[in-house]
There are 2 protein chains.
Amino acid sequence: MDALTTTGKILRRAKDATKAIIALDDAEINRALCAMADAIEDSADEILSANEEDVEAARGSISEVMIDRLKLTRERISGMANGIREITALPSPLGVELERRVRPNGLEIKKISVPMGVIAIIYESRPNVTSDAAALALKSGNVSVLRGGKEAYRSSAAIVRTMRRGLASCGITEDAVNLLEDTTRAGAYELMKASGYVDLLIPRGGAGLIRACVENATVPCLETGTGICHIYVDKDADIKKALAIIENAKTSRPSVCNAAEVCLVHRDIAPKLLPELRSILVDKRLAEGKAPVELRLCPEAQRIIDGTPASKSDFDTEFLDYILAVRVVDSPDAAIEHISEHSTHHSEAIITENADTAEHFSARVDSAAVYVNASTRFTDGGEFGLGCEMGISTQKMHARGPLGIRELTTYKYIITGNGHIR
Amino acid sequence: MDALTTTGKILRRAKDATKAIIALDDAEINRALCAMADAIEDSADEILSANEEDVEAARGSISEVMIDRLKLTRERISGMANGIREITALPSPLGVELERRVRPNGLEIKKISVPMGVIAIIYESRPNVTSDAAALALKSGNVSVLRGGKEAYRSSAAIVRTMRRGLASCGITEDAVNLLEDTTRAGAYELMKASGYVDLLIPRGGAGLIRACVENATVPCLETGTGICHIYVDKDADIKKALAIIENAKTSRPSVCNAAEVCLVHRDIAPKLLPELRSILVDKRLAEGKAPVELRLCPEAQRIIDGTPASKSDFDTEFLDYILAVRVVDSPDAAIEHISEHSTHHSEAIITENADTAEHFSARVDSAAVYVNASTRFTDGGEFGLGCEMGISTQKMHARGPLGIRELTTYKYIITGNGHIR
């Protein structure tokens, strides 16, 4: 890494700050987090004015939806501060004795949870990620290096500036929270390749950003996010539960990664389920003045209800929209096979009243979260009781599913002897 | 990934095999492992004859030490088979309920240990890694893709052939254990970049191999191995313990990653310790006809004993040889600072009778294993009671220290509701 770039200098300072942060106890960390939250609220005017500049500069070049994501209000700023305060209420994930064993030779081996060190987060335009990510990292004893989107730079810089003031007010090094100034693509690559300076890199954003990190990072990187989630309606399903769950998983928030994209329906129940599904997702929503769900149907489903013929790629697409691909399958094993081929291994559900089928399905479907008679929308740190989350891992290494503060730690072994040699 | 290459075809079959292996219980896995062990012993002649071809072909082009690592005997083959049988005795790391919680809404969330899927191992010339790695992967429910060194290809191919015969004899898919035919560098790169086909890549070998994997892999990769291990002798050390531990950590097996490379000595104890250290590592060994340890000394140590002046790079080198860099430091914090700057974060030790100093040191030194009054040589799966190991992780993501069978698993969440929607 080139220490002469601004990024290089920040990374050196961040690494150096880990030595001070590793020595803090949970009470000191919580005091620092409260000071960060207070500083954010106290500096609302400063943050709002920086945010206004971002919004002005971005207008015209990004969509209204993106502008809305970017825009801060006094209420959103209080939300950020309260988000940090909620994190202080979580039990510390640090210093937990995960194991202790005494070997036959008398050596005592303890396995203790400890911080990762420096956690880097590359994210896109929502400024609130700035405070969330910094607070989650600090609660778990880590120094954060944040690299936000270009459009939100002034807002993020103001938020980080105030959080650093909060840290300084409790006598803690400001370098516990860092924002990279370089928001170019080259800057992101420099971060991805900062071996020896970054202990964990977490990309939070769209599929393109995540792919760029996975393909280019030489630092340890956690793949997050993309969710092609399936709901399989078994022949032994309770149709009422099935309909409510599909409606919830598809329409409650279609833009998020735990929304369902594909419905697999057992052949025996399809003639009864599909007309009701169409009625709920299309007719009822139209009657209520809501956007109907576009059904993309396999040939067999088309014989039962009307809808768009599904193309092959529809079963490999994260729509993030009011679109649901529907396929009729012969058996639970055919559903398992389809999921194995097409899923991103985020979240899948089976709807069935048959306990054996549920067990067979949940043992064989290889995804981070497998639901029995519940909506895939529950894959979320808060819903899992982990508190706020840093994202959803879709890889198997290190952590799977919601990334809470515990998933931002590692462990070390402390071994005590009395002159033991091997 | 190009499915038309031989590697591509093998990876597809390996991924497909995970579906059958995930459905096996521990008794079935143990039967398969025993059959693999029996097949290896029954086919000793076939393996020896392939190995002889490897040794003949390699003679002249690699060193005698490497030839010795490559060479198999009937005894070593029995050792391989017994190594597999020992693995069957370990408790299964699969299906363990790591957590269970019921949320206020009644959702039941279980966190269960499950296999990673496909584990790829790139290793160098020792043919016994072939059977070790395949057995550890299978015990933890994984399919293995092995890519051994060119020099050992015929031996590895014979070992894999016999293990696959063993699998077939119990009706289990042979594709649970796979050897890549392509031993070129391009072949290794293809494996490192096989996203979607490899759930975990573990390089086992020298620093060059590990760096190549870390820098090029797009699949999740676990950094292993390099050990610049430190022993800090505190002013409150018991000198006898210190001498025995340094001698053991440096000379019992200098070529391995948990051997000590650097000794840091508190200024107050240096005048007493260093002459005795020199006497044990140099004079005593010479008198016994053994290779003396070359001491590379900082200026202050040079004022106390004779030795080679240390260059700057001596404190950043994994010697893997009878060489020890020695530096005098002012305090435990100076030792911690030196370790923070120069260590590979594998294993470090403090020698002290002062419990507070020991705690201060072990809380702040950020390495996989931190020893108090014991030799760094204990960082080893067997010594830790984990059974055989797949290597020693020197990164913080996923697993740290010895990689036993539990470290070859991941987890999934199984969530049971009764029509729950969000």
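One can find the structure itself at the top, above this paragraph.
What you see is a predicted model; the values in this text were computed from it and never measured.

Below, the discussion takes up the overall build of chain A. On a plain count of helices and strands, chain A comes out with 14 helices and 16 strands. Computed over the C-alpha atoms, the radius of gyration of chain A is 24 Å, within 12% of the 22 Å expected from 2.2 N^0.38 for a compact globule of 422 residues. A principal-axis box enclosing the C-alpha atoms of chain A has dimensions of 70 × 70 × 35 Å. In chain A, buried positions account for 58% of the 422 residues. Long-range contacts, defined as pairs at least 24 residues apart, comprise 72% of the intrachain contacts of chain A with a sequence gap of at least 6. When the 51 basic and 61 acidic side-chain charges of chain A are each reduced to a single mean position, those positions are 4 Å apart.

Below, the discussion takes up the sheet that holds strand S6 (residues 200-204) of chain A. Residues and elements named next belong to chain A. Judged by pairing direction, the sheet is parallel, and its four strands sit side by side in the order S5-S4-S3-S6 without closing on themselves. On the outer flanks of this sheet lie strand S5 (177-179) and S6, each paired with one strand and no other. Across the sheet, the mean angle separating the axes of adjacent strands is 20° when strand polarity is ignored. Here five bridges tie strand S3 (residues 118-123) to strand S4 (residues 143-147), and the two strands are oriented parallel to one another. Bridge assignment links Ile122 to a residue of S4, and that residue is Arg147.

Take the relation of the copies chain B and chain A next. Placing chain B over chain A gives an RMSD of 0.0 Å and needs a rotation angle of 180°, together with 0.0 Å of translation along the axis. Classification of the inter-copy transformation places it as that of a two-fold axis. Relative to the rotation axis, the closest C-alpha in chain B is found at His398(B), a distance of 1.8 Å. Taken as a fraction of all interface residues of chain B, those also at the interface in chain A reach 100%, which identifies the copy contact as same-surface.

This part takes up the interface of chain B and chain A. Each partner contributes residues to the interface: chain B has 75 residues there, and chain A has 75 residues. Here chain B packs against chain A, burying approximately 6,300 Å² in sum over the two surfaces, 50% of which is carbon and sulfur. Counting across the interface, chain B meets chain A through 12 salt bridges. A salt bridge links Asp199(B) to Lys396(A); the nearest nitrogen and oxygen atoms lie 3.4 Å apart.

Here we come to the sheet that holds strand S8 (residues 260-266) of chain A. Spatial strand order, S10(A)-S9(A)-S11(A)-S8(A)-S7(A)-S12(A)-S13(A)-S16(B)-S2(B)-S1(B): 10 strands in an open sheet with mixed pairing. Because the sheet does not close on itself, it has two edges, and the strands there are strand S10 (308-309) of chain A together with strand S1 (97-102) of chain B. Here strand S9 (residues 294-297) of chain A runs beside strand S11 (residues 323-329) of chain A; their pairing, made up of four bridges, is parallel. If you follow Arg296(A) over to S11(A), its bridge partner there is Ala325(A).

Attention now goes to the nonpolar core. Residues and elements named next belong to chain A. Grouped together as the largest cluster of nonpolar side chains are 116 residues, with contacts concentrated most on Leu201 and Val233. Of all the elements, helix H11 (residues 270-287) adds the most residues to this core, at seven residues. Excluding residues within four positions of it along the chain, Leu201 makes contact with Ala120, Ile122, Met192, Cys213, Ala217, Val219, Pro220, Cys221 and Leu222.

In this section: helix H14 (residues 355-364) of chain A. Inspection of H14(A) places Thr357(A), Ala358(A), Phe361(A) and Ser362(A) among the buried residues, and these make up the whole buried set. Down the axis of H14(A), the smallest arc covering the buried residues is 125°, so these residues share one side. Along H14(A), the residues that are exposed and aim more than 90 degrees away from the buried face are Ala355(A), Asp356(A) and Glu359(A). Lining the buried residues of H14(A) we find strand S7 (229-233), helix H13 (332-342), strand S12 (347-351) and strand S13 (369-374) of chain A together with strand S16 (409-420) of chain B. Sitting at the amino-terminal end of H14(A) is Asn354(A), which places a side-chain oxygen 2.9 Å from the backbone nitrogen of Asp356(A).

Another point: the pattern of salt bridges. A complete count under the given rule lists 75 salt bridges over all chains for this structure. For Glu341(B), the salt bridge is made with Lys19(A), and the minimal N-O distance between the two is 3.6 Å. On the criterion of chain membership, the pair formed by Glu341(B) in helix H13 (residues 332-342) and Lys19(A) in helix H1 (residues 6-21) is interchain, its members lying in two chains. With relative accessibility at 48%, the residue Glu341(B) sits in the partly exposed group. Among the salt bridges present, the one from Glu174(B) reaches Arg164(B), with a minimum N-O distance of 3.6 Å. With a gap of 10 residues between them, Glu174(B) in the loop between helix H7 (153-169) and strand S5 (177-179) and Arg164(B) in helix H7 connect regions that are remote in the sequence. The network of salt bridges with shared partners includes Glu99(A), Arg101(A), Lys111(A), Arg406(B) and Glu407(B).

Calculation criteria
- Residues numbered from 1 in each chain as written.
- Chains lettered and ligands numbered in written order.
- Predicted model: local features only at pLDDT ≥ 70, side-chain atom pairs only at ≥ 80, totals over all residues.
- Heavy atoms only, no water.
- Helix = DSSP H or I, 4+ residues; strand = E, 2+ residues; numbered from the N terminus.
- Rg over C-alpha atoms; globule rule 2.2 N^0.38 Å.
- Buried < 20%, exposed > 50% of the residue type's maximum accessible area, 1.4 Å probe, protein only.
- Contact = heavy atoms within 4.5 Å.
- Lys, Arg positive; Asp, Glu negative; His and termini not counted.
- Charge placed at Lys NZ, Arg CZ, Asp CG, Glu CD.
- Pairing = 2+ DSSP bridges.
- Axes fitted to C-alpha atoms, helices over the stretch in contact; angles between N-to-C directions.
- Least-squares fit on C-alpha atoms with pLDDT ≥ 70 in both.
- Buried area = accessible area lost by both parts, 1.4 Å probe.
- Salt bridge = Lys/Arg side-chain N within 4 Å of Asp/Glu carboxyl O.
- Core = buried A, V, L, I, M, F, W, Y, C linked by side-chain atoms within 4.5 Å.
- Arc of directions from axis to C-beta.
- Polar contact = N/O pair within 3.5 Å; in protein donor to acceptor, adjacent residues only side chain to side chain.

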